[in-house]
Protein chains: 2
Amino acid sequence: MDAKAKKYVDLFRSVKIASAATVDEKGHPRTRIVNVMLADDSGMYLVASKGKPFYKQMVETGEVALSAMCPECQSLKFLGKCRIADKEWLDRVFEENPGLNEVYPGKTRYILDAFHVYEGQGEWFDLLHHPISREAFSYGGAEPEHSGFLITEECIECGSCLETCPQQCIEAGSPYRIEWQHCLQCGACFDACPAGAVRRLHP
Amino acid sequence: MDAKAKKYVDLFRSVKIASAATVDEKGHPRTRIVNVMLADDSGMYLVASKGKPFYKQMVETGEVALSAMCPECQSLKFLGKCRIADKEWLDRVFEENPGLNEVYPGKTRYILDAFHVYEGQGEWFDLLHHPISREAFSYGGAEPEHSGFLITEECIECGSCLETCPQQCIEAGSPYRIEWQHCLQCGACFDACPAGAVRRLHP
């Protein structure tokens with residue numbers, strides 16, 4: 001795991017409270033509040049009890065998406081792959097999160113499994129400071145995902161995009177250039193360009 | 001909307017910071033931090049800009065799941081249906097959330113649409129107080145969802161379920177009875193029952 005991914009994985013762990021999203025057996029999105037119980041160079045760890053739809057959804061899809069609100073209006077989002085971890089990880093989770101013993105006392109903990117989120121990609125986003133900024137990260141072999149927009153060589157340098165940009169994050173030039181890290185990804189430039197020079201980077 | 005649903009819809013709005021989960025075009029779960037911008041008897045309102053995958057996912061699936069962490073370790077989760085609301089709702093969102101003008105100044109707001117979450121069902125969950133408790137709610141014609149477990153007439157009254165229950169939320173009787181509102185839904189009773197008398201209420 002590179003230093004950037006480590007920084008954000010550690011941030012997930014320090015915020016601790018996250019939302020975990022999964023897809024259920026009928027294809028509906030599902031989400032609930034969870035704790036990021038551990039984070040290290042191998043990824044992040046969650047727990048779920050065997051009786052829960054959340055458990056079944058993680059086992060059946062092998063995927064979980066996480067989002068978290070960090071201090072100062074900075075947020076994290078993430079999509080990763082997960083699998084059940086060895087039992088020793090569950091014990092380690094309880095060691096590092098002793099409050100869990102109040103909810104699952106003694107041996108009742110073994111109705112839980114630890115899930116290892118062993119790879120994935122995400123983004124950190126800061127909406128509080130000006131200019132707004134974002135940073136992509138990934139680990140475990142996942143590709144970082146760059147959503148948003150790109151201005152291509154078809155740009156006629158008319159300035160329509162810059163005029164309409166809520167964040168003024170476009171630099172004039174040949175072609176004009178979106179500062180990806182300061183972009184809301186709202187799509188205003190895409191709508192405004194008379195030359196069709198703005199390309200969507202995501203589906 | 002009944003008083004119970006109103007209470008939880010208002011709680012989503014007062015917490016304001018929520019995670020919104022959707023399913024993308026490839027069936028992956030996606031989640032990000034959003035604000036619940038408005039809530040009234042007609043439901044909840046979110047915003048999204050036209051350039052975002054989140055926007056496209058809400059339009060294409062007509063669904064969004066929300067979760068939020070409330071004060072004192074109480075959490076909310078929700079699955080609802082959504083559609084784009086009339087433009088006047090976007091203006092109302094900006095009136096009630098004036099900070100949005102810093103991100104989308106002047107007419108740039110119209111790259112956003114307001115989404116009306118017009119029906120859905122969810123659950124409030126309190127993990128801080130003992131006994132833990134949960135309450136289901138729904139509005140707009142959606143059925144409240146009762147996940148968890150039920151002890152059927154096949155119960156042989158052996159007490160294995162009560163012994164293994166981390167929350168001791170099972171009452172002895174004929175049959176034994178799970179106090180649904182105090183249940184973790186962990187599935188320990190389901191695993192422990194030698195008579196197969198514990199039925200799962202969800203898929």
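Analysis parameters
Residues numbered from 1 in each chain as written. Chains lettered and ligands numbered in written order. Predicted model: local features only at pLDDT ≥ 70, side-chain atom pairs only at ≥ 80, totals over all residues. Heavy atoms only, no water. UniProt positions renumbered as here; feature names shortened; annotations may be inferred. Helix = DSSP H or I, 4+ residues; strand = E, 2+ residues; numbered from the N terminus. Buried < 20%, exposed > 50% of the residue type's maximum accessible area, 1.4 Å probe, protein only. Areas by Shrake-Rupley, 256 points an atom, 1.4 Å probe, with all protein chains shown as cover. Lys, Arg positive; Asp, Glu negative; His and termini not counted. Charge placed at Lys NZ, Arg CZ, Asp CG, Glu CD. Phe/Tyr/Trp six-rings, centres within 6.5 Å; stacked < 30°, edge-to-face > 60°. Lys NZ or Arg CZ within 6 Å of the ring centre and 35° of its normal. Least-squares fit on C-alpha atoms with pLDDT ≥ 70 in both. Contact = heavy atoms within 4.5 Å. Domains from an automatic or database assignment. Buried area = accessible area lost by both parts, 1.4 Å probe. Salt bridge = Lys/Arg side-chain N within 4 Å of Asp/Glu carboxyl O. Polar contact = N/O pair within 3.5 Å; in protein donor to acceptor, adjacent residues only side chain to side chain. Nonpolar A, V, L, I, M, F, W, Y, C, P; charged D, E, K, R; others polar. Pairing = 2+ DSSP bridges.

- As recorded in an unreviewed UniProt entry, chain A goes by 4Fe-4S binding protein and comes from Raoultibacter massiliensis.
- UniProt's Cofactor (unreviewed entry) comment on chain A is quoted here verbatim: "[4Fe-4S] cluster".

Overview of the overall build of chain A
Part 1: The helix and strand inventory of chain A stands at six helices and twelve strands.
Part 2: The principal-axis extents of the C-alpha atoms in chain A amount to approximately 70 × 35 × 25 Å.
Part 3: Each of the 203 residues in chain A was classed as buried or not, and the buried ones make up 55%.
Part 4: Carbon and sulfur atoms make up 50% of the accessible area of chain A, which amounts to about 8800 Å² in all.
Part 5: With 22 positive and 29 negative side-chain charges, chain A shows a spacing of 9 Å between the two charge centroids.

Quick word on the packing of aromatic side chains
The geometry of an aromatic ring pair is captured by the separation of the ring centres together with the interplanar angle, meaning the angle of the planes.
Part 1: With the rule as written, the count across this model stands at 16 aromatic pairs over all chains.
Part 2: Seen from their ring centres, Tyr8(B) and Phe137(B) are 5.0 Å apart, and the 35 degrees between their planes marks the pair as tilted. Of this pair, Tyr8(B) sits in helix H1 (residues 3–15) while Phe137(B) sits in strand E8 (residues 133–139); the two residues are 129 residues apart in sequence, bridging distant segments of the chain. As far as the burial class goes, Tyr8(B) and Phe137(B) line up, both buried.
Part 3: Positioned above the aromatic ring of Phe190(A) is the side chain of Arg200(A), whose terminal nitrogen or guanidinium carbon lies 4.9 Å from the ring centre.

Remarks on the relation of the copies chain B and chain A
Part 1: Mapping chain B onto chain A calls for a rotation angle of 180 degrees and an axial translation of 0.0 Å; the resulting RMSD is 0.0 Å. Given the turn and translation reported, the copies of this chain are related as if by a two-fold rotation axis.
Part 2: Same-surface contact between copies: 100% of interface residues of chain B are shared with the interface of chain A.

A few points about the domain arrangement of chain A
All names here are of chain A.
Part 1: Taken domain by domain, chain A consists of domain 1 (3–139) and domain 2 (149–200).
Part 2: The gap between the C-alpha centroids of domain 1 and domain 2 is 35 Å.
Part 3: Listed as interface residues are ten residues of domain 1 and, on the opposing side, seven residues of domain 2.
Part 4: Buried surface at the junction of domain 1 and domain 2, both sides included, amounts to about 670 Å², of which 57% is carbon and sulfur.
Part 5: Run the count over domain 1 and domain 2 and you get zero salt bridges.
Part 6: The interface formed by domain 1 and domain 2 includes four residue pairs in polar contact (both at pLDDT 80 or more).
Part 7: Counting residues per element, the side of domain 1 that touches domain 2 draws most heavily on strand E8 (residues 133–139), which supplies four residues.
Part 8: Its residues placed into classes, the side of domain 1 that touches domain 2 shows five nonpolar, two polar and three charged.

Thoughts on the side chain of Glu119(A)
Residues and elements named next belong to chain A.
Part 1: Within the secondary structure, glutamate 119 sits in strand E7 (residues 112–126).
Part 2: Buried charge glutamate 119 goes without a salt bridge, the closest partner of opposite sign being lysine 81 at 4.1 Å.
Part 3: In this structure glutamate 119 touches Phe78, Leu79, Gly80, Lys81, Tyr139, Gly140 and Ala142, once residues within four positions along its chain are discounted.

A closer look at the pairing of strand E1 (residues 17–23) of chain A
All names here are of chain A.
Part 1: Within E1, six of the seven residues are buried, which leaves the element mostly enclosed by the surrounding structure.
Part 2: Judged from the seven bridges that link them, E1 and strand E2 (residues 29–35) form a sheet pairing that is antiparallel. Following the sheet pairing, alanine 20 is matched in E2 by arginine 32.
Part 3: Between E1 and E2, which pair antiparallel and follow one another directly, the connecting turn spans five residues, one of which, glycine 27, has a positive phi of 90 degrees.

Some points on the interface of chain B and chain A
Part 1: Facing 54 residues of chain B, the contacting portion of chain A comprises 54 residues.
Part 2: Around 4000 Å² of area is buried between chain B and chain A when both sides are counted, 62% of it from carbon and sulfur atoms.
Part 3: The interface formed by chain B and chain A includes two salt bridges.
Part 4: Note that Glu145(A) and Arg30(B) form a salt bridge whose closest N and O atoms lie 2.9 Å from each other.
Part 5: On inspection of chain B and its partner chain A, the count reaches 19 residue pairs in polar contact (both at pLDDT 80 or more).
Part 6: Those elements that place two or more of their residues in the side of chain B that touches chain A are strand E1 (17–23), strand E2 (29–35), helix H2 (53–61), strand E5 (63–70), strand E6 (74–84), helix H4 (100–103) and helix H6 (188–192) of chain B.
Part 7: Broken down by class, the residue content of the side of chain B that touches chain A amounts to 25 nonpolar, 16 polar and 13 charged.

Brief notes about the pattern of salt bridges
Residues and elements named next belong to chain A.
Part 1: If you walk through the whole model with that rule in mind, you get 20 salt bridges over all chains.
Part 2: Close ionic contact of aspartate 10 with lysine 6 constitutes a salt bridge, the shortest N to O distance being 3.0 Å. Of this pair, aspartate 10 and lysine 6 are both found in helix H1 (residues 3–15), four residues apart, which corresponds to roughly one turn of the helix.
Part 3: Owing to a relative accessible area of 31%, aspartate 10 belongs among the partly exposed residues under this scheme.

Concerning the pairing of E8(A)
Residues and elements named next belong to chain A.
Part 1: Across the seven residues of E8, six count as buried, placing the element largely inside the fold.
Part 2: In this structure, E7 lies alongside E8, joined through seven bridges in antiparallel fashion. What sits directly across from aspartate 126, in E8, is serine 133.
Part 3: Taking the residues that link successive antiparallel strands as the turn, the E7-E8 hairpin has six residues.

Here we look at the environment of Thr22(A)
Part 1: Tracing the sequence through the fold places Thr22(A) in strand E1.
Part 2: Separated by 69 residues in sequence, Thr22(A) and Asp91(A) have C-alpha atoms that sit 25 Å apart.
Part 3: The contact partners of Thr22(A), leaving out residues within four places of it in the chain, are His28(A), Pro29(A), Arg30(A), Arg32(A), Phe54(A), Gln57(A), Met58(A), Glu63(A), Val64(A) and Pro29(B).
Part 4: Looking at Thr22(A), its side chain comes within polar contact range of the side chain of Gln57(A), at 2.6 Å.

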